[in-house]
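Notes for the structure review
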Amino acid sequence: MHYFYLVFFAFFFQSCRENSDISGPRHPHGIIPAPAFFQPSGEEKSNIRQLKICLPENFGPTGYLQQLSKAVAQLTWTADCSSSNVILVHEDSLLSESYRLAVEKDSVRISYADDRGLQYALTSLIQMAEFGDFPLRMCTIQDRPSFSYRGMHLDVARHFFSVEDVKKYLDFMAFYKFNHFHWHLTDDQGWRIEIKKYPKLTETGAWRKETLVGHYNDEPVRYDGQKYGGFYTQGEIREIVKYAADRNITVVPEIEMPGHALAALASYPELGCSGGPYEVATTWGVFTDVFCPTEATFTFLEGVIDEVVTLFPGKYIHIGGDECPKESWKKSAFCQQLIKSRGLKDVYALQSYFITRMEKYINTKGRQIIGWDEILEGGLAPNATVMSWRGNEGGIEAAMTGHEAIMTPGSHCYFDHYQSEGPEEPLAIGGFTSLEKVYGWNPVPESLNAEQRNFIIGGQANVWTEYIRTYDRVEYMAYARAMAMSEVLWGTNSNYQDFLDRFDIHHLYWQKTGANVAYHLLDLKPQFLSGDGKGVRVKFTAPEGTVINYVINGQEEKKAKPGEEIVIDRSVNYTFQAKRGERTGRKISFNFDLHLGTQAIIQIDPPPSSKYFGNGPASLVNGVNGRNDSYSGVEWLGFEGTDAVITLDFQKNVTLNQVLLRFFKAEGQWIYLPPLIELYTSPDGVSFSKYTSISNIGAYEKIGDILFNLGGANTRFLKIHAHNYGVIPDGRQGAGHRAWLFIDEIAVR
Ligand code: TNX
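Bear in mind that the values here come from a model prediction, so they are computed numbers and not experimental data. (Residues numbered from 1 in each chain as written. Predicted model: local features only at pLDDT ≥ 70, side-chain atom pairs only at ≥ 80, totals over all residues. Heavy atoms only, no water.)

Focus on the overall build of the protein
When helices and strands are tallied, the protein shows 17 helices and 39 strands. Judged by the C-alpha coordinates and their principal axes, the protein covers about 90 × 85 × 50 Å. Residue burial in the protein is summarised as follows: out of 749 residues, 57% are buried. Within the protein, residue pairs in contact and separated by at least 24 positions form 72% of the contacts whose partners lie at least 6 positions apart. Of the roughly 30,300 Å² of accessible surface on the protein, 50% is carried by carbon and sulfur atoms. (Helix = DSSP H or I, 4+ residues; strand = E, 2+ residues; numbered from the N terminus. Buried < 20%, exposed > 50% of the residue type's maximum accessible area, 1.4 Å probe, protein only. Contact = heavy atoms within 4.5 Å. Areas by Shrake-Rupley, 256 points an atom, 1.4 Å probe, with all protein chains shown as cover.)

Right under this line is the structure:
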């Protein structure tokens, strides 16, 4: 009873809402990242119908916040502080970046520690005014972040983004209280920062003659034949650094060394061990030509750093350090001599020598280095901060030896990975990192003790752009997940359902601004229940309050609840769509073919790889064919190096005329068709006799559809043994590894 009363009032107040063109349910505060402490004073509202804000003189982000509040919530600003109803109190005693905010009857009182604290307080107020209730609900907020380094990274080397785009990125970051922008400025595919002393870096190194089309693993390899590139002048860099500073964001520039250096080598070939010639890379991956640790190279890099430190005032300079193959150093007589004369152990120690030497130089400029976790190999430079990307290990090792670490493991922080398994997703590098997975991340490795944990200064999301060509795509890949990440790094990611309520409102706001933000909350992911001898059923999980609408054969409309089993009893098309409030998800559609196999009990031994497990055995007898263009999703099962041995039990004697098998072929991705397939029959599931086999299955481009005519075999059990291709031959992708075998529907008639 009481609950309904509150709901009624909440809706009543909503309808009084001013200044907003976002409709739909509200959230008590609507702030992302959620504040550390929020206490409403019951349902009471303040009398303020318009916020009049007056900012202190010399406050950096004034212009930014005025613009923001206008764009988001149409708040009013006043130069006359006596008429302001937002009262600002500076309190030295508060911790850096923290603030307190109290919405009272006739005023909003803000206490803040520093510029950052004040900016965050006002950002929260702006978000509250637009995404929460307005007029504001009386409440108290006490807020501060858990981590001091809250980063977003952008790779502008693989694809170049304009000054305007970078500013949009910074605006987005500031809105979610990120405070470090890691700007990946150089890589094999392009050098993007003007260096006056070395003009060829941007004359030559900023341009590649063409770019790979499609995925790196595709065969055959194709290029677009179009020159591509761009760079930032020092003037533009200064403009961006200032724009970031106006939002309390520190820019961390990254100059890659000793690897990922092809663009620099193409400009100055004398810096490589072979002397070149080199070409700016046109494809992705890791390249064996890297900086040679000669005096000429150090002079060059020091010259670059001299200019970098004048452009970027922040404490950190990122020197890369990742993915540096050692081949060219092993082959080089100079390097071997250097290893000897310096008493180094091997090429890994040489990498450590390289980084430590650059660190010393950068330290003389009063700056600290950050490097990817490979800088731990061969010994860590004394004052380095480690960015842990290949999992948590690098961060753990750094923290245990008293070095700062920034956590950015590929498993949770790589926003170039897929965020949905839907067939319409744009091409991505691979992987799968959903919004929920990001939200559930804990940046602090469990194995560290309390003292070591202090060295984990924060975390960062990385946006690598091999497959992200436009800013629109950056928005699509990064924005939704960055909202989740902001709450992780603020340390308030404790209630996913509550986050989703706020995410919905923020999402609408970004949509309204024209940003291309991904929305996958209503993507339906089917779970098939088949292969147990009881026919085909399907069910869906979905957020609370979702209805599953479905249409059978284009005519019959039905509804189901999340988790409810829907029985598929006809060989026709079924289309499903989730609906929650006003929002609907994308439709998914299946043409069911209820062949004999869908009634069977299925057994697979050995089981498929857990990496490509689909819906488990049910996937092969659910009456649905997997996609022809992708082996991910619920239909295809992958066997890593092993045979697929599958037994169907029809539970009674049946007459079999045909078995149609489907296999996936993508040799560039290590997936091969089986060289031999055998079929066995059995009356009892114990003694099997070979019925037929195929060993020369012919040429297929992608899907091997292999048909067996059985001519009326009478059997209760059918065993299919598809043999793995075995070891991949030399000269092919994955040579020396065992091949994958991918199988989908086993259609039996
Ligand atoms: C690894 S993360 C890289 C990048 C790629 C990225 C793609 C890191 C230090 N190196 O060069 O762009 O994977 O996800």
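More follows now that the structure is in view.
Thoughts on the state of the cysteines
This model, assessed by the stated rule, comprises 2 disulfides. For the protein, the bonded cysteines connect in the pattern 1-2, 3-4 when numbered consecutively along the sequence. Considering cysteine sulfurs only, Cys-273 is the nearest to Cys-335, which forms no disulfide, with 3.8 Å between them. Residue class for Cys-335 comes out buried when judged on its relative accessible area of 0%. (Disulfide = S-S within 2.5 Å.)

A closer look at the pattern of salt bridges
What the rule picks out here adds up to 43 salt bridges. Glu-43 serves as the salt-bridge partner of Arg-137, at 3.2 Å between the closest nitrogen and oxygen. Note that Arg-137 is positioned in strand β7 (residues 137-143) and Glu-43 in strand β1 (residues 37-45), a separation of 94 residues in sequence. Using a relative accessible area of 11% as the deciding quantity, one classes Arg-137 as buried. Between Arg-716 and Asp-649 there is a salt bridge, with its nearest N and O atoms 2.9 Å apart. In this pair, Arg-716 is assigned in strand β38 (residues 703-722) and Asp-649 in strand β35 (residues 644-664), connecting sequence segments 67 residues apart. With a relative accessible area of 11%, Asp-649 lands in the buried category. Among the charged side chains, a salt-bridge network with shared partners connects Glu-43, Lys-45, Asp-133 and Arg-137. (Salt bridge = Lys/Arg side-chain N within 4 Å of Asp/Glu carboxyl O.)

Quick look at the nonpolar core
If you look at the biggest cluster of nonpolar residues, it comprises 187 residues, and the most contacted ones within it are Leu-51, Leu-125, Trp-183 and Phe-576. A per-element tally of this core places helix α16 (residues 471-490) first, with 14 residues. Excluding its chain neighbours within four sequence positions, the residues that come into contact with Leu-125 are Leu-51, Ile-53, Val-86, Leu-101, Val-108, Ile-110 and Leu-136. Judged by nonpolar contacts, the second largest core, of 31 residues, contains Ala-600, Leu-637, Phe-663 and Ile-706. (Core = buried A, V, L, I, M, F, W, Y, C linked by side-chain atoms within 4.5 Å.)

Some words on the sheet that holds strand β8 (residues 149-155)
Read once around its circumference, the closed barrel built from 8 strands follows the order β8-β9-β16-β17-β18-β19-β20-β23, with strand pairing classed as parallel. Averaged over all pairs of adjacent strands, the angle between strand axes in this sheet comes to 30°, irrespective of strand direction. Note that strand β18 (residues 368-372) and strand β19 (residues 385-388) share 3 bridges and pair parallel. Residue pairing across strands places Gly-371 opposite Val-386, the latter belonging to β19. Each of β8 and β9 (180-184) touches helix α4 (residues 163-175); the most contacted strand, β9, lies at about 150° to it. (Pairing = 2+ DSSP bridges. Axes fitted to C-alpha atoms, helices over the stretch in contact; angles between N-to-C directions.)

Re the packing of aromatic side chains
Two measures describe an aromatic ring pair: the distance that separates the ring centres and the angle between the ring planes. Applying the stated criterion across every chain, the model contains 55 aromatic pairs. When the ring of Tyr-176 is compared with that of Trp-510, the centres are 6.5 Å apart and the planes differ by 40°; the resulting orientation is tilted. Residue Tyr-176 is found in the loop between α4 and β9, and its partner Trp-510 is found in helix α17 (residues 496-513); the two are separated by 334 residues along the sequence. Pair check on accessibility: Tyr-176 and Trp-510 agree, each one buried. Considering the side-chain rings of Trp-284 and Tyr-467, the 6.4 Å spacing of their centres and the 65° angle between planes classify their relative orientation as edge-to-face. Placement of the pair is Trp-284 in the loop between α7 (262-267) and α8 (295-311) and Tyr-467 in the loop between β23 (456-461) and α16, with a sequence separation of 183 residues. On the basis of relative accessible area, Tyr-467 is assigned to the buried category, the value being 9%. The lysine or arginine in question, Lys-177, covers the ring of Trp-490, its NZ or CZ lying 5.5 Å from the ring centre. Just above the ring of Tyr-243 sits the side chain of Arg-247; from NZ or CZ to the centre is 3.5 Å. (Phe/Tyr/Trp six-rings, centres within 6.5 Å; stacked < 30°, edge-to-face > 60°. Lys NZ or Arg CZ within 6 Å of the ring centre and 35° of its normal.)

Brief notes about the environment of Gly-685
Here Gly-685 is to be found in the loop between β36 (677-682) and β37 (689-694). Along the sequence, Gly-685 and Gly-314 sit 371 residues apart, while their C-alpha atoms lie 70 Å from each other.

Things to note about the site of the ligand
Taken together, Arg-158, His-260, Asp-322, Glu-323, Trp-372, Trp-389, Tyr-414, Asp-416, Ile-429, Trp-464 and Glu-466 form the complete shell of residues around the ligand. One of the side-chain N or O atoms of Arg-158 is found 2.8 Å from an oxygen atom in the ligand. When grouped by side-chain class, the residues that make up the shell around the ligand number 5 nonpolar, 1 polar and 5 charged. (Near = heavy atom within 4 Å. Polar contact = N/O pair within 3.5 Å; in protein donor to acceptor, adjacent residues only side chain to side chain. Nonpolar A, V, L, I, M, F, W, Y, C, P; charged D, E, K, R; others polar.)

Re the sheet that holds β7
One open sheet holds the 5 strands; their spatial order is β1-β7-β5-β6-β4, and the pairing between them is mixed. Edge strands, defined here as strands with exactly one partner in the open sheet, are β1 and β4 (86-90). Recorded for the sheet is a direction-independent mean angle of 10° between the axes of neighbouring strands. Where β1 and β7 come together, 5 bridges link them in antiparallel fashion. When the sheet's bridge partners are listed, Lys-45 is paired in β7 with Arg-137. Contacts from helix α3 (residues 115-131) reach β4, β5 (99-103), β6 (108-112) and β7, with the element oriented near 35° to β5.

Concerning the packing of α4 against α16
The N-to-C vectors of α4 and α16 enclose an angle of 10°; their axes lie 11 Å apart at closest approach. With respect to each other, α4 and α16 are oriented roughly parallel. On α16, the residues that touch Asp-165, Lys-168, Tyr-169 and Phe-172 of α4 are Tyr-471, Val-474, Glu-475, Tyr-479, Ala-482 and Met-483. Among the residues making up the contact of α4 with α16, the classes are represented as 7 nonpolar, no polar and 3 charged. (Parallel < 35°, antiparallel > 145°, perpendicular 65-115°, else oblique.)

Regarding the domain arrangement of the protein
For the protein, the assigned domains are domain 1 (5-143), domain 2 (149-513), domain 3 (522-592) and domain 4 (597-749). If you average the C-alpha positions of domain 3 and of domain 4, the two centres end up 27 Å apart. On the domain 4 side, the residues contacting the 12 residues of domain 3 number 14 residues. Across the domain 3/domain 4 interface, buried area totals approximately 1,000 Å², and carbon plus sulfur atoms make up 55% of it. (Domains from an automatic or database assignment. Buried area = accessible area lost by both parts, 1.4 Å probe.)

So, the environment of Lys-561
Tracing the backbone shows Lys-561 in the loop between β27 (556-560) and β28 (566-568). The exposure class assigned to Lys-561 is exposed, which follows from its relative accessible area of 60%.

Re the confidence of the model for the protein
Looking at the protein as a whole, the pLDDT averages 94, with 97% of positions reaching at least 70. Across residues 1-23 the pLDDT falls below 50, and counting only partners more than four positions away or on other chains, this stretch makes 28 contacts in the model. (pLDDT = per-residue confidence, 0-100.)

Here we look at α8
The first and last C-alpha atoms of α8 sit 25 Å apart over 17 residues, in line with the 24 Å expected at 1.5 Å per residue. Of the surrounding elements, those touching the buried residues of α8 are β11 (190-191), α5 (200-203), α6 (234-245), β16 (250-257), β17 (316-320) and α11 (347-364). (Expected span 1.5 Å × (residues − 1).)

Describing unusual backbone geometry
In this chain, Ile-32 is followed by Pro-33 through a cis amide linkage whose omega measures -5°. Structurally, Pro-33 can be placed in the loop between α1 (2-15) and β1. Residue Pro-258 is reached from Met-257 by a cis peptide bond, and omega for that bond is -15°. Along the chain, Pro-258 turns up in the loop between β16 and α7.

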